[in-house]
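What the coordinates show
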Amino acid sequence: MGAQQRVIPFDGLRMSDVEQVGGKNASLGEMISQLTGAGIRVPGGFATTARAYREFLDHEGLAGRIASRLAGFDVDDVTELARAGKEIRRWIAAAPLPPALSAEIAAAYAGLTTAAPDASWAVRSSATAEDLPDASFAGQQETFLNIKGLDNVLHAVKEVFASLYNDRAIAYRVHQGFAHEDVALSAGVQRMVRSDEGAAGVMFTLDTESGFDQVVFITASYGLGETVVQGAVNPDEFYVYKPNLDAGRPAILRKTVGGKAIKMVFGDAQAAGTSTVTVDVADEERHRFSITDAEAEELARYALIIERHYGRAMDIEWGRDGGDGKLYILQARPETVKSREGAGNLRRYRLTSTSEVLASGRAIGQKIGQGIVRLVKSAAEMDRVQAGDVLVADMTDPDWEPVMKRAAAIVTNRGGRTCHAAIIARELGIPAVVGCGDATRVLQEGDAVTVCCTEGDTGHVYRGMLGVEIVEVTLDRMPPSPTKIMMNVGNPELAFEFRRLPNEGVGLARLEFIINRNVGIHPKALLDLDGQPPELQREIRKRIGGYASPTEFYVGKIVEGVATIAAAFWPKKVIVRLSDFKSNEYSNLVGGQRYEPREENPMLGFRGASRYIAPEFHDCFALECAAMKRVRDEMGFTNVELMIPFVRTLAEAQKVVALLRAEGLERGANGLRLIMMCEIPSNAILADRFLEHFDGFSIGSNDMTQLTLAVDRDSGGPIASTFDERDDAVKAMLSMAINACRKAGKYAGICGQGPSDHPDLAQWLVAQGIESISLNPDTVVATWLLLGGQQA
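Heads up: these notes are all about the structure in this document. Quick caveat: nothing in here was measured; it's all calculated off a predicted structure. (Residues numbered from 1 in each chain as written. Predicted model: local features only at pLDDT ≥ 70, side-chain atom pairs only at ≥ 80, totals over all residues. Heavy atoms only, no water.)

Our next topic: the packing of helix 29 (residues 759-768) against helix 30 (residues 780-787). Two elements in contact, helix 29 and helix 30, have axes whose closest approach is 10 Å; the angle formed by their N-to-C orientations is 50°. By the angle class used here, helix 29 and helix 30 are oblique. In this structure, helix 29 meets helix 30 at a crossing whose hand is right-handed. Every residue of helix 30 that contacts helix 29 at Pro759, Ala762, Gln763 and Val766 is listed here: Thr783, Leu786 and Leu787. In terms of residue class, the contact of helix 29 with helix 30 is built from 5 nonpolar, 2 polar and no charged. (Axes fitted to C-alpha atoms, helices over the stretch in contact; angles between N-to-C directions. Helix = DSSP H or I, 4+ residues; strand = E, 2+ residues; numbered from the N terminus. Parallel < 35°, antiparallel > 145°, perpendicular 65-115°, else oblique. Left-handed = near helix turned anticlockwise from the far one by under 90°. Contact = heavy atoms within 4.5 Å. Nonpolar A, V, L, I, M, F, W, Y, C, P; charged D, E, K, R; others polar.)

Below is the structure:
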């Protein structure tokens, strides 16, 4: 494209034009010209060029004035930075556009409005640096929405030009060593999608926290997407599995309903700064998803097409038009944080102590930060934040970046994983907890806190400075292990991160953990929702609002948890233990007390296989089976194997296998293996006969020790030290079970706590011929190195 042009239509642009129109506008042209045939919808428009911008600055001597103003001052002085930036932006907004540029914009705008006379327009920035085409300026400049009329468009273009001198942009260029005069701005004028009447959001072609590249991560909220980008709302979230999109299988791994308290819509005025308004979202709509599953999968397919075209991970903004109901791509740019991380080393953070949780929200960064709370209400107070403080605010915007980099951690009331605060925190390598709702109220100025983002999707702010352990793992130097090292994974939200550890799959995924975390409601209360007390009905209906029915909520949430783990570790085996709640634990679920017996010793009571085959629990167990069948047969995760816990007798073994067959989970069908939890002395004594019904054993050392030595595994007191998985009697039971499996040519593994706590027990198990040892994630590396002959 010729460097002499001032205005170029999007459909005349390609990625080779980055120097003229910046990456954002060049990408719009690339998608319109190259991906329309693949079904990608991108609204049209035009872009002003770098030449146009420089002509504007030269027109009345602005360039010289700006250079003089910026010469010699310290950008880390946030007060002076704010003063200089404000002054320069005021100069630019007041200066007239050169007549030639005004005329070309007018002609291009007239051409667009002839075809779409009622359309509104977005005027966006696209920064470019001559000879620096890979420089990242994402999020530094302004966007103006719902602009209509030539005079308003011309004014918005100048406001966009002025935003090149936002405080964050000035500081960024200085810190990156870019001369201000080397960076130019292109204004993109793009037809607006009526997402103010629909929905909008952001999606990444990888998981933004772990870097797992087999998912598309989508955020969505009602109205214009600016609320998502700014962090003004807590949006809905979807994780969509790429291989299932290609295979035509259900692809949504998991989804979460966000708060979506407000939405941005078109205002009556259509000039920059006054063209949009923010309104409350109706309570009923807040508790529903803002897009359908089908729309989430369609968006993910678009993301996959775009990613494959560019050959790299992408950060994409999208909108759903409330008029025509169609989905549109509004921007696409390279993802610049997780996609650049090396794969050879892994640093993991872990709390070694705990305290009161003061606030919770969405975890960003998988790190832990500590410091003194600084409550900041506006950018004017930024200079109060000192190096190592914890920055706490309602929300942040791009002008806050100069001070954000000082913080040990960031905490906000509002925002989701794709908002400004989250993106900047990732770029800076700082942990952040966003969308807490009440952080500025519950956190007190001057308090010492620990901000932990290593416990799953939810990040916590703890009182005080807690102990922190940092483990460095060199993943490409692990020695061969004499047995398979698997992992115990109970929290699906950590699966994408745990998969990076050396492993041979998941030896124990506890379904009760998934039910407790993802569902939280007793299955009987969902099966008989109309029969619950009115207040309990209201609480449950609020929780299940995004799902078609109460039972679909229960089944769907189990599917999401198991599918997330299965996808993270595919094609390695994931052994899912069906629910092993005790009656007191089931009773603690919402609505559970009405349905559970009161037992003196629940550990030896109504649990495991006995519960599954009981007529009064059959309808609940059928829901678990439906979930497992969906994961394996519909979603295609045949790496999932099922484990049956606490099988007391051979009769129970026979009945539970028959019940599974009746529910569509037949041993051997579609490659299904049934594993039995070997955790009762009767299982070891009659191991060969139990193995007639199953494909192998996974030893549960906790219950086996408890029942062999007659010591309550949860008790303290004078006999607590008697509980030891290394006792000779316990080892005799384990040896019997392992030998029976080897004799029958069937699987023999262990998933109990013992090998995680006692490395010498792990060594003994290897000597006995155990096929796999499943460990807690925090002991995987140390135990692997020990068994491989190296010191941890």
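In total, this model carries 2 cavities of 30 Å³ or more according to the counting rule given. If you add up the space inside the largest cavity, you get close to 140 Å³. Around the largest cavity, the lining comprises 16 residues; the ones closest to its centre are Arg124, Leu145, Ser195, Gly225 and Leu330. Mapped by element, the contributors of at least two residues to the lining of the largest cavity are strand 3 (121-129), strand 5 (183-191), strand 6 (199-204) and strand 12 (314-320). For the lining of the largest cavity, the residue count by class is 8 nonpolar, 4 polar and 4 charged. Estimated volume of the second largest cavity: approximately 110 Å³. Lining the second largest cavity are 15 residues, and of these Glu209, Gln366, Arg417, Asp457 and Glu493 sit closest to its centre. Broken down by class, the residue content of the lining of the second largest cavity amounts to 5 nonpolar, 3 polar and 7 charged. (1 Å grid on protein atoms, 1.4 Å probe; cavity = no way out; pocket = protein on both sides within 12 Å on 5 of 7 lines; lining within 4 Å. Points joined across faces, edges and corners; volume = space filled by probe spheres on them.)

Moving on to helix 5 (residues 99-115). Between its first and last C-alpha, helix 5 extends 25 Å over 17 residues, near the 24 Å set by a 1.5 Å rise per residue. Those residues of helix 5 not exposed but buried are Leu101, Ile105, Tyr109, Leu112 and Thr113. Buried residues of helix 5, seen end-on, are gathered within an arc of 90° and therefore sit on one face of the element. The exposed set on the far side of helix 5, more than 90 degrees from its buried face, consists of Pro99, Ala107, Thr114 and Ala115. (Expected span 1.5 Å × (residues − 1). Buried < 20%, exposed > 50% of the residue type's maximum accessible area, 1.4 Å probe, protein only. Arc of directions from axis to C-beta.)

So, about the side chain of Thr227. One can find Thr227 in helix 8 (residues 226-230). Owing to a relative accessible area of 1%, Thr227 belongs among the buried residues under this scheme. For Thr227, the contacting residues outside a window of four places in its chain are Tyr222, Ala232, Val233, Lys263 and Met264.

All right, on to helix 26 (residues 701-709) then. Within helix 26, burial applies to Ser701, Asp703, Met704, Thr705 and Gln706. Turning to helix 26, the residues buried within the fold contact strand 27 (674-678), helix 24 (681-685), strand 28 (696-699), helix 27 (728-744), strand 29 (747-750) and helix 28 (754-757). Two residues or fewer after helix 26 comes Ala710, characterised by a positive phi angle close to 55°.

Backbone torsion omega between Trp570 and Pro571 reads 0°, so that peptide bond is classified as cis. Locating Pro571 in the fold gives a position in the loop between helix 19 (550-569) and strand 25 (574-577). Residues other than glycine seldom take positive phi values, yet Lys260 does so here, at roughly 45°. Among the structural elements, Lys260 can be located in the loop between strand 9 (252-256) and strand 10 (262-266). Taking the relative accessible area as the measure of exposure, Lys260 reaches 0% and is therefore buried. The phi angle at Phe646 is positive, at roughly 50°, despite the residue not being glycine. Residue placement: Phe646 occurs in the loop between strand 26 (640-644) and helix 23 (650-662). Given a relative accessible area of 3%, Phe646 falls into the buried group.

It is worth spelling out the sheet that holds strand 30 (residues 772-775) at this point. Strands in a sheet are paired, the pairing made by backbone hydrogen bonds, and the direction either parallel or antiparallel. Read once around its circumference, the closed barrel built from 8 strands follows the order 23-24-25-26-27-28-29-30, with strand pairing classed as parallel. Taking the axes of each pair of neighbouring strands and ignoring which way they run, one obtains an average angle of 30° across the sheet. As judged from the 4 bridges shared by strand 28 and strand 29, these two strands associate in the parallel manner. Bridge pairing in strand 29 places Gly696 opposite Tyr747. Those strands touched by helix 30 are strand 23 (484-488) and strand 30, and its axis lies near 165° from that of strand 23. (Pairing = 2+ DSSP bridges.)

If you walk through the whole model with that rule in mind, you get 49 salt bridges. The residue Arg577 makes a salt bridge to Glu512 at a minimum N-O spacing of 2.4 Å. Here Arg577, found in strand 25, pairs with Glu512, found in helix 16 (residues 511-519); they are 65 residues apart in sequence, far enough to count as distant. Accessibility classification places Arg577 together with Glu512 in one group, the buried group. Here Arg607 makes a salt bridge to Asp703, at a shortest N to O gap of 2.9 Å. Taken together, the residues span a long stretch of sequence, with Arg607 in the loop between helix 20 (583-587) and helix 21 (608-613) and Asp703 in helix 26 at a distance of 96 residues. Judged by relative accessible area, which is 0%, Arg607 ranks as buried. Taken together, the shared-partner salt bridges connect Glu237, Arg254, Arg362, Arg417 and Asp457 into one network. (Salt bridge = Lys/Arg side-chain N within 4 Å of Asp/Glu carboxyl O.)

Turning next to the sheet that holds strand 13 (residues 327-334). What the 6 strands build is an open sheet, ordered 9-8-7-6-12-13; its pairing is antiparallel. Looking at which strands have only one partner, the edges of the open sheet turn out to be strand 9 and strand 13. For this sheet the average axis-to-axis angle between neighbouring strands, irrespective of direction, equals 15°. Pairing of strand 6 with strand 7 (residues 215-222) involves 6 bridges; the strand directions are antiparallel. Bridging across to strand 7, Met203 finds its partner in Ile218.

Another point: the pairing of strand 13. Look at any regular strand and the pattern is simple: side chains alternate between the two faces of the sheet. When you tally the buried positions in strand 13, you get 7 out of 8 residues, the bulk of the element. By the bridge criterion, 7 bridges tie strand 12 to strand 13 in an arrangement that is antiparallel. Along strand 13, the bridge assignment pairs Arg320 with Leu327. Joining the antiparallel neighbours strand 12 and strand 13 is a turn of 6 residues, in which Gly325 adopts a positive phi near 75°.

Next up on the list: the environment of Tyr109. Residue placement: Tyr109 occurs in helix 5. Given a relative accessible area of 8%, Tyr109 falls into the buried group. For Tyr109 and Leu150, which are 41 residues apart along the polypeptide, the C-alpha to C-alpha distance reads 7.2 Å. Within the structure, the side chain of Tyr109 is placed 2.9 Å from the backbone nitrogen of Gly149, a separation counted as a polar contact. (Polar contact = N/O pair within 3.5 Å; in protein donor to acceptor, adjacent residues only side chain to side chain.)

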